[in-house]
Amino acid sequence: MRTRPRPCYLQGVSGSSLEQPLTSHASRTLLDAVWDAHTVRELPNGDTQLFIGLHLIHEVTSPQAFSMLRDMGLRVRHPERTFATVDHIIPTKSQQRPLADELAEAMMTELEKNCRDQQIRFFDPGRGEQGIVHVIGPELGLTQPGMTIACGDSHTSTHGAFGAVALGIGTSQVRDVLATQCLSLARPKLRRIEVTGKLTPGVYAKDVILHIIGRLGVKGGIGFAYEYGGPVIEAMTLEERMTVCNMSIEGGARCGYVSPDETTFAYLRGRELAPKGEAMQRAVAWWRSIASSRDAHYADRVEIDGAAIPPTVTFGINPGQSIGIGARIPRPEDLPADERASLEEALAYMDLRAGAPIEGTAIDVAFIGSCTNGRISDLREAARVAATGRVAPGVKALVVPGSQAVARAAEAEGLPEIFRAAGFEWREAGCSMCLAMNPDKLVGRQLCASSSNRNFKGRQGSPSGRTLLMSPVMVAAAALRGRVTDARELL
Ligand code: SF4
């Protein structure tokens, strides 16, 4: 298959070029602009063969894909558009090679070998380049507006914060992208989520997205891409927008994005793999032109009052089961009949009482990190709370930077000392207890206050472990008090 040059400003990528800035894009959304620019052809079944500008891979979903490629006698079609890191299985206590866990060492060795064989850049922990795939793409300037991005991980939607169409894919699709740099996809419908007004102090991006999912439901986004906008989103930093877009998938959406603006361009300027000089000027002109127009048409619109969003905590077994910190856990009889069974299941698993306040719920573990909330701004805010006290007796508290670069930035600001002085463990970069495919796991029925993105049964390593999702600041407050706490009391 021959592919025409694609709109892309990856450093050193041959065959990439920029589209001319769109001059007439009345009533056009970013989704349509990006989708159309990457369409290779429409397929007979109605799907689009979509060119993927950037493919991010990691150790968990790539080995089988590489093996299928070898079986077919194929090579990676665009190694210069493919980048690899190790995140899920890497331990956070010591990353000394060989890794203590033989399976983890084997997976990492396999990834290194595949990258060597296929001339793919591997972000090596030994060189200080490693991190969670959704943290390092943005911080290196790989993630750019107008791109199509794929990765074998659900939370690829994170990259939509830059105005990219970023898609989580399965292992067979990882194979397809490795072999062809294309995916066969149905174009999703588009829902505009407008967050109006202004957040109140002590309310963070994590509260915003938990609130949105709580209102629309975990299946509310099926068939949709989410476009976030409005004054609250526009006022957010790129890192905050990443937190919001990260959890789009938890609301059932195929992806989520924010149109690029001056905040986006300022974030990208000077990053290692972002365009430089005159190339940056041309890139910004293109990026600006693909933002959704003010009169764009959407399949659906939702308005959320930002001022009414409280610090939000989950109480159940999916991210839609959440309430404000001052609210009481719902009672089955207060819900529509079709929602009662899942609430009863959640309460039984979580061992929480209907009608009880969530505030004051005792915790065993506190986890600050993940691709949702393991960035430097998250750690800074959590450190403000940590500086006010000591971790409560009996609580295990972890802080895990999202990347080695985040760790270095935190060290330069003295954050590890603040956390350690408060009784937190300061760890090395990785996914850690978000998914617990490494030694960081809950034990038995432990209840964890977590800044990650999923509270499914058994998600954090123990088949009966329990998770309460909340912002990093709220996790830090829960760690100090030993129970779910309104962090605004400590800020
Ligand atoms: S931090 Fe969690 S959600 Fe993010 S990539 Fe790692 S395991 Fe997946």
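Since we're looking at a predicted model, the values are computed, not measured.

### Focus: the overall build of the chain
Link 1 in the chain: For the chain, the helix and strand inventory stands at 16 helices and 21 strands.
Link 2 in the chain: Relative to the 2.2 N^0.38 estimate, which gives 23 Å for 491 residues, the radius of gyration of the chain is 22 Å and therefore close to what a compact globule would have.
Link 3 in the chain: Overall, the chain is about 60 × 55 × 40 Å in size when its C-alpha atoms are taken along their principal axes.
Link 4 in the chain: Counting across all 491 residues of the chain, residues that qualify as buried make up 60%.

### A few points about unusual backbone geometry
Link 1 in the chain: Here Arg97 and Pro98 are connected by a cis peptide whose omega angle stands at -10°.
Link 2 in the chain: Structurally, Pro98 can be placed in the loop between strand S6 (82–85) and helix H3 (102–118).

### A short note on the site of the ligand
Link 1 in the chain: For the ligand, the full set of nearby residues is His88, Ile132, His134, Asp153, His155, Ser370, Cys371, Cys431, Cys434, Leu435, Asn453 and Arg459.
Link 2 in the chain: Formed jointly, the shell around the ligand draws a minimum of three residues from each of two domains, domain 1 (51–182) and domain 3 (312–489).

### Examining the environment of Gly402
Link 1 in the chain: Relative to the elements of secondary structure, Gly402 occurs in the loop between strand S18 (396–399) and helix H14 (404–412).
Link 2 in the chain: Exposure remark for Gly402: the relative accessible area of 0% places this residue in the buried category.
Link 3 in the chain: As for Gly402 and Ile376, which are separated by 26 residues in sequence, their C-alpha atoms are 8.3 Å apart.
Link 4 in the chain: Among residues more than four places away in sequence, those in contact with Gly402 are Gly131, Ile132, Val135, Gly374 and Ala429.

### Some words on the domain arrangement of the chain
The extent of an interface is frequently quoted as the accessible surface area lost upon association of the parts.
Link 1 in the chain: Assigned domains within the chain: domain 1 (51–182), domain 2 (186–307) and domain 3 (312–489).
Link 2 in the chain: The straight-line distance from the C-alpha centre of domain 1 to that of domain 2 is 24 Å.
Link 3 in the chain: Taken residue by residue, the interface counts 25 residues in domain 1 and 25 residues in domain 2.
Link 4 in the chain: Here domain 1 meets domain 2 over a buried area of about 2,000 Å², counting both sides, of which 61% is carbon and sulfur.

### So, the sheet that holds strand S19 (residues 425–426)
Link 1 in the chain: Read from one edge of the open sheet, five strands run S19-S18-S17-S20-S21, paired in parallel fashion. Every interior strand has two partners, whereas the edge strands, S19 and strand S21 (466–469), have only one.
Link 2 in the chain: By the bridge criterion, two bridges tie S18 to S19 in an arrangement that is parallel. Residue pairing in the sheet places Val399 in a bridge with Trp426 of S19.
Link 3 in the chain: Packed onto the sheet, helix H16 (residues 472–481) meets strand S17 (365–368), S18 and strand S20 (447–450) and runs at close to 150° relative to S17.

### Brief notes about the nonpolar core
Link 1 in the chain: Val195, Ile212, Tyr228 and Trp287 are the most contacted members of the largest nonpolar core, which has 79 residues in total.
Link 2 in the chain: Three or more residues apiece are contributed to this core by two domains, here domain 1 (51–182) and domain 2 (186–307).
Link 3 in the chain: In contact with Val195, not counting residues within four places along its chain, are Val208, Ile212, Gly229, Gly230, Pro231, Val232, Ile233, Ile304, Gly306 and Ile309.
Link 4 in the chain: Among the nonpolar cores identified, the runner-up in size contains 55 residues, and Leu352, Ala386, Ala477 and Leu480 belong to it.

### Some details on the sheet that holds strand S10 (residues 182–185)
Link 1 in the chain: Strand order in the open sheet formed by three strands is S3-S4-S10, with antiparallel pairing between adjacent strands. Two strands bound the open sheet, and with one partner strand each, they are strand S3 (39–42) and S10. Within this sheet the neighbouring strands show an average axis-to-axis angle of 20°, counted without direction.
Link 2 in the chain: One ladder, built from four bridges, connects strand S4 (residues 48–51) with S10; its direction is antiparallel. Paired with Leu50 across the bridge in S10 is Leu183.
Link 3 in the chain: Relative to the sheet, helix H1 (residues 30–37) contacts S3, S4 and S10, its axis offset from that of S3 by approximately 85°.

### Comments concerning the packing of aromatic side chains
Link 1 in the chain: For the structure on display, the rule yields six aromatic pairs.
Link 2 in the chain: Ring geometry for Phe162 versus Tyr267: centroids 5.3 Å apart, planes at 70°, classification edge-to-face. Note that Phe162 is positioned in the loop between strand S8 (148–151) and strand S9 (165–168) and Tyr267 in helix H9 (residues 262–268), a separation of 105 residues in sequence.
Link 3 in the chain: Overall, the relative accessible area of 0% leaves Phe162 in the buried class.
Link 4 in the chain: According to the relative accessible area criterion, Tyr267 is buried, its value standing at 14%.

### Thoughts on the pattern of salt bridges
Link 1 in the chain: Under the counting rule described, the total for this entry stands at 29 salt bridges.
Link 2 in the chain: For Glu129, the salt bridge is made with Arg127, and the minimal N-O distance between the two is 3.3 Å.
Link 3 in the chain: The class for Arg127 is exposed, based on a relative accessible area of 54%.
Link 4 in the chain: Across the salt bridge formed by Arg192 and Glu194, the nearest N and O atoms sit 2.8 Å from each other.
Link 5 in the chain: The network of salt bridges with shared partners includes Arg121, Asp124, Arg127, Glu129 and Glu272.

### A closer look at the packing of helix H2 (residues 63–71) against H3
Link 1 in the chain: Running from N to C, H2 and H3 point in directions that differ by 40°, and their axes come no closer than 10 Å. Here H3 runs oblique to H2, going by the angle between their axes. For the pair H2 and H3, the sense of crossing is left-handed. Between H2, through Pro63, Phe66 and Arg70, and H3, the contact on the second element is made entirely by Glu110, Asn114 and Gln118.
Link 2 in the chain: Here the contact of H2 with H3 is built from residues that sort into two nonpolar, two polar and two charged.

### Quick notes on the environment of Pro138
Link 1 in the chain: Within the fold, Pro138 resides in helix H4 (residues 133–140).
Link 2 in the chain: Spatially, the C-alpha atom of Pro138 lies 9.2 Å from that of Met242, the residues being 104 residues apart in sequence.
Link 3 in the chain: With sequence-adjacent residues up to four places away left out, Pro138 is seen in contact with Val133, Thr143, His159, Phe162, Met242, Tyr267 and Arg271.

### Quick notes on the environment of Gly320
Link 1 in the chain: Assignment of secondary structure puts Gly320 in the loop between strand S15 (312–314) and strand S16 (322–324).
Link 2 in the chain: Counting along the chain gives 109 residues from Gly320 to His211, while the straight-line C-alpha distance between them is 8.1 Å.
Link 3 in the chain: When near neighbours in sequence (up to four residues on either side) are disregarded, Gly320 contacts Ile213, Gly214 and Val218.

Criteria and cut-off values
Residues numbered from 1 in each chain as written. Predicted model: local features only at pLDDT ≥ 70, side-chain atom pairs only at ≥ 80, totals over all residues. Heavy atoms only, no water. Helix = DSSP H or I, 4+ residues; strand = E, 2+ residues; numbered from the N terminus. Rg over C-alpha atoms; globule rule 2.2 N^0.38 Å. Buried < 20%, exposed > 50% of the residue type's maximum accessible area, 1.4 Å probe, protein only. Near = heavy atom within 4 Å. Domains from an automatic or database assignment. Contact = heavy atoms within 4.5 Å. Buried area = accessible area lost by both parts, 1.4 Å probe. Pairing = 2+ DSSP bridges. Axes fitted to C-alpha atoms, helices over the stretch in contact; angles between N-to-C directions. Core = buried A, V, L, I, M, F, W, Y, C linked by side-chain atoms within 4.5 Å. Phe/Tyr/Trp six-rings, centres within 6.5 Å; stacked < 30°, edge-to-face > 60°. Salt bridge = Lys/Arg side-chain N within 4 Å of Asp/Glu carboxyl O. Parallel < 35°, antiparallel > 145°, perpendicular 65-115°, else oblique. Left-handed = near helix turned anticlockwise from the far one by under 90°. Nonpolar A, V, L, I, M, F, W, Y, C, P; charged D, E, K, R; others polar.

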